[in-house]
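Working through the structure, step by step
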Amino acid sequence: MEFLSSSWPWYVAGPLIGLMVPALLLVGNKLFGISSTLRDVWAIATNRVSYLQYDWRKQTWNLVFAAGVILGGIIAGYLLRNPDPLVLNPKTVEALGQMGVAAPAGLLPPEIFSMQSVLNIKGLLYLLVAGFLVGFGARWAGGCTSGHAITGLATLQLPSLIAVVCFFVGGLISANFIVPVIVPLLR
Amino acid sequence: MQAVANVNRESQERSLLAYWPFLLLGTFFGFVLIRSEVVSWYHIQEMFRFQSFHMYGVIGSAVIVGAISTWLIKRSGIRTIDGQDIVVPAKDRRLPHLVLGGVIFGLGWGLGGACPGPVYALMGSGFPGVLVLFLGMLVGTFAYGVLQSRLPH
């Protein structure tokens, strides 16, 4: 039982995530990819933009899948919460400490995700901009970590390899050059 | 009329019930995302600073298992549970949208520490910032929809 609430190593979690690709293919010829649900949510609400004029009902399976992800997150993160603090490389702890982010207790830094941070205009803008870039970029590139990095690479598609390299270029720039400048300003 | 309405509602309910395998798979996926801690902002910073193998191990082994199992499916000619041939459509090969969209996505991933899957998994975490991040993703998606015809692809 302890296994259900403790941290899982990569060689357990990775293969289980990889099995999403064949599982969705076998269940209904579906391609594993989460970011398109962001588009489906809009398509339910409005069809005033041509990008949103399609039959979202055909994507019901993915919206149900996303609802499952929320449910799984609640079960693992709330009902079976890991009591141990998150283990992070001491070098990362030190670098984040210099930005005013304390050593981790749970999955997310309260310095950025707490109510106190969100009620501050700087903290609010930081997360809104981060989310905006993720949503805009994922839809422009035609997929995110699940659609390109996992499904696309697993089905040996060159466009996905290009997208994933670019995901990493963007991530390297923001984590090494933007986060160290902006995060200290959030306090 | 009442009887027809009832039948319609019944068939709708039945069709939504037919999606239960996707609910189950999603729940399993959300559970694994939390347990492996790949949804953690801290681990994303660690990954992009090359200070841990964990994230690379998760993504790398997921790709390998996905590749081998998809190859086996294709090779064996297995069909879906309702008897269709399995098809994997090709991704759009045009370069500009992959590069520009990809870099923008990466910039946001490094800042917010979560991509769309993890943001769903974290909704029950009790941190209101997760909802703000999700709201930003929705706004970004809509903005792309509005600007799509004017962007290079």
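Residues numbered from 1 in each chain as written. Chains lettered and ligands numbered in written order. Predicted model: local features only at pLDDT ≥ 70, side-chain atom pairs only at ≥ 80, totals over all residues. Heavy atoms only, no water.

A few points about the overall build of chain A
The criterion, for reference: Numbering of helices and strands starts at the N terminus; helices are DSSP runs of H or I of at least 4 residues and strands are runs of E of at least 2. Any pair of residues with heavy atoms lying within 4.5 Å of one another is described as a contacting pair. Areas reported here follow the Shrake-Rupley algorithm with a probe of radius 1.4 Å; residue values treat only the protein chains shown as occluding. Neither His nor the chain ends contribute to the count of charged residues, in which Lys and Arg are positive and Asp and Glu negative. To locate a charge, take atom NZ for lysine, CZ for arginine, CG for aspartate or CD for glutamate.
Along its length, chain A carries 11 helices and 0 strands. Secondary structure elements of chain A occur, N-terminal to C-terminal, as α-α-α-α-α-α-α-α-α-α-α. For chain A, long-range pairs separated by at least 24 residues make up 48% of all intrachain contacts whose partners lie at least 6 apart in sequence. Carbon and sulfur atoms make up 68% of the accessible area of chain A, which amounts to about 8,200 Å² in all. Charged side chains of chain A number 10 positive and 6 negative; the gap between the two group centres comes to 14 Å.

Focus: a nonpolar patch on the surface
Residue and element names in this part refer to chain A. Counted only if it meets this: By definition, no residue in a patch forms a salt bridge, and every one has over 30% relative accessible area; like charges are joined within 9 Å, nonpolar side chains (Val, Leu, Ile, Met, Phe, Trp, Tyr) within 5 Å. A pair is scored as a salt bridge if a Lys or Arg side-chain nitrogen falls within 4 Å of a carboxyl oxygen belonging to Asp or Glu. Between buried and exposed lies partly exposed: a residue is buried under 20% and exposed over 50% of the maximum accessible area for its type, with that area taken using a 1.4 Å probe on protein chains only.
A contiguous nonpolar patch, built from L158, L161, V165, V169, I173 and F177 and spanning about 540 Å² of accessible area, is present on the exposed surface. Structurally, L161 can be placed in helix α11 (residues 158-182). You can call L161 partly exposed: its relative accessible area is 42%.

Some thoughts on the confidence of the model for chain B
Just so we agree on the cut-off: A score from 0 to 100, pLDDT tells how confident the predictor is in each residue.
Summary statistics for chain B give a mean pLDDT of 92 and a share of 91% for residues scoring 70 or more. Both scores are available for the predicted complex, with the pTM at 0.94 and the ipTM at 0.97.

What to know about the environment of P90(A)
Residue and element names in this part refer to chain A. Turning to its location among the elements, P90 is positioned in helix α6 (residues 90-98). A relative accessible area of 61% places P90 in the exposed class. Separated by 26 residues in sequence, P90 and V64 have C-alpha atoms that sit 39 Å apart.

Details of the packing of helix α9 (residues 121-141) of chain A against helix α5 (residues 95-112) of chain B
Here is the rule: The angle between two axes is taken between their N-to-C directions and runs from 0 to 180 degrees, where each axis is a line fitted to C-alpha atoms and a helix contributes only its stretch in contact. We call two directions roughly parallel when the angle between them is under 35 degrees, roughly antiparallel when it is over 145, roughly perpendicular when it lies between 65 and 115, and oblique otherwise. Crossings are assigned a handedness: left-handed for a near helix turned anticlockwise from the far helix by less than a right angle, right-handed for a clockwise turn. All amino acids are sorted into three groups, where Ala, Val, Leu, Ile, Met, Phe, Trp, Tyr, Cys and Pro are nonpolar, Asp, Glu, Lys and Arg are charged, and the leftover types, Gly among them, are polar.
It is at 7 Å that the axes of α9(A) and α5(B) come closest, and there the two elements cross at 150°. With respect to α5(B), the element α9(A) is oriented roughly antiparallel. Relative to α5(B), the crossing made by α9(A) is left-handed. For the pair formed by α9(A) and α5(B), the contact residues are Y126(A), A130(A), L133(A), V134(A), F136(A), G137(A), A138(A), W140(A) and A141(A) on the first element and H97(B), L98(B), L100(B), G101(B), G102(B), I104(B), F105(B), L107(B), G108(B), W109(B), L111(B) and G112(B) on the second. Residue composition of the contact of α9(A) with α5(B), by class: 15 nonpolar, 6 polar and no charged.

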